[in-house]
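Topology and contacts: notes
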Amino acid sequence: MLQQIYPSVQHPYAFELNKDFNFSSAHYIPYEEAGKCENIHGHTYFVNLTIAGNELDKMGFLVNFSELKTLIHKRYDHRLLNDFEEFKDNSPSTEQVAQTIYNIVQESLDKRVNKPKCVQVFVRETPTSYVVYRPLKNGDNNA
């Protein structure tokens, strides 16, 4: 298995975990200036989530790795992203997909007693293009 190296993010937390997974989805960008992306096409998105925190749960986890994958994979795999409410007003560009993944993951993490934080979302759309999303430090993510 090819191991991927991701950009690292500086944070003040004692623990950091990274979870890799992928999902296959189609999308289109409904603007003529999007070129070929104006037409429906699919990708296998490769995602890396960076979760950090100071407190572990009763099992000794920041969060169970499988929970992270389930949040996104179960929702988006083999679906048309444009059909989702979260992309009705925001085209599902890779940038918007990364920020949306952050929002979904952080909403779930906020319900945990140990309050871990998602500090980075890396989304590879093609072998040669990827996006990194990091929430602003003041918590204003313009979402």
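Residues numbered from 1 in each chain as written. Predicted model: local features only at pLDDT ≥ 70, side-chain atom pairs only at ≥ 80, totals over all residues. Heavy atoms only, no water.

As a reminder of what qualifies: UniProt positions are given in the numbering used here, feature names are shortened, and annotations may be inferred rather than shown by experiment.
By the naming in an unreviewed UniProt entry, the protein is 6-carboxy-5,6,7,8-tetrahydropterin synthase, taken from Mammaliicoccus fleurettii. Under the UniProt heading Catalytic activity (unreviewed entry), the note attached to the protein is "7,8-dihydroneopterin 3'-triphosphate + H2O = 6-carboxy-5,6,7,8-tetrahydropterin + triphosphate + acetaldehyde + 2 H(+)".

Comments concerning the overall build of the protein
Our working rule: Note on conventions: DSSP H or I runs of at least 4 residues are helices, E runs of at least 2 residues are strands, and numbering of each starts at the N terminus. Values of the radius of gyration come from C-alpha atoms, whereas the globule rule sets the reference at 2.2 Å times the count of residues to the power 0.38. For the exposure calls, accessible area comes from a 1.4 Å probe over protein chains only, and a residue counts as buried if that area is under 20% of its type's maximum, exposed if over 50%, partly exposed in between. Residue contacts are counted whenever heavy atoms from the two residues lie within 4.5 Å of one another. Note on areas: Shrake-Rupley with a 1.4 Å probe; residue coverage comes only from the protein chains shown. The charged-residue count follows a simple rule in which Lys and Arg add positive charge and Asp and Glu add negative charge, with His and chain termini not counted at all. A single reference atom marks each charge: NZ on Lys, CZ on Arg, CG on Asp, CD on Glu.
Across its full length, the protein holds two helices and five strands. For the protein, the N- to C-terminal ordering of α and β elements is β-β-α-β-α-β-β. Over its C-alpha trace the protein gives a radius of gyration of 16 Å, about what one expects of a compact globule, namely 15 Å for 143 residues. Expressed as lengths along the three principal axes of its C-alpha atoms, the size of the protein is roughly 50 × 35 × 25 Å. In the protein, which comprises 143 residues, the proportion classed as buried is 39%. Of the contacts formed within the protein by residues at least 6 apart in sequence, a portion of 66% connects residues at least 24 apart. Surface exposure of the protein reaches about 8,700 Å², of which carbon and sulfur atoms provide 51%. Distance from the positive charge centre (15 side chains) to the negative charge centre (18 side chains) of the protein: 7 Å.

Some thoughts on the nonpolar core
Applicable threshold: The definition of a nonpolar core used throughout is a set of buried Ala, Val, Leu, Ile, Met, Phe, Trp, Tyr and Cys residues joined through side-chain atoms within 4.5 Å.
With 26 residues, the main nonpolar core has Phe-23, Leu-49, Ile-51, Ile-101, Val-105 and Val-121 as its most contacted residues. Those elements that place two or more of their residues in this core are strand E1 (15-27), strand E2 (41-53), helix H1 (65-76), helix H2 (94-109), strand E4 (117-126) and strand E5 (129-133). No other element matches the six residues that H2 contributes to this core.

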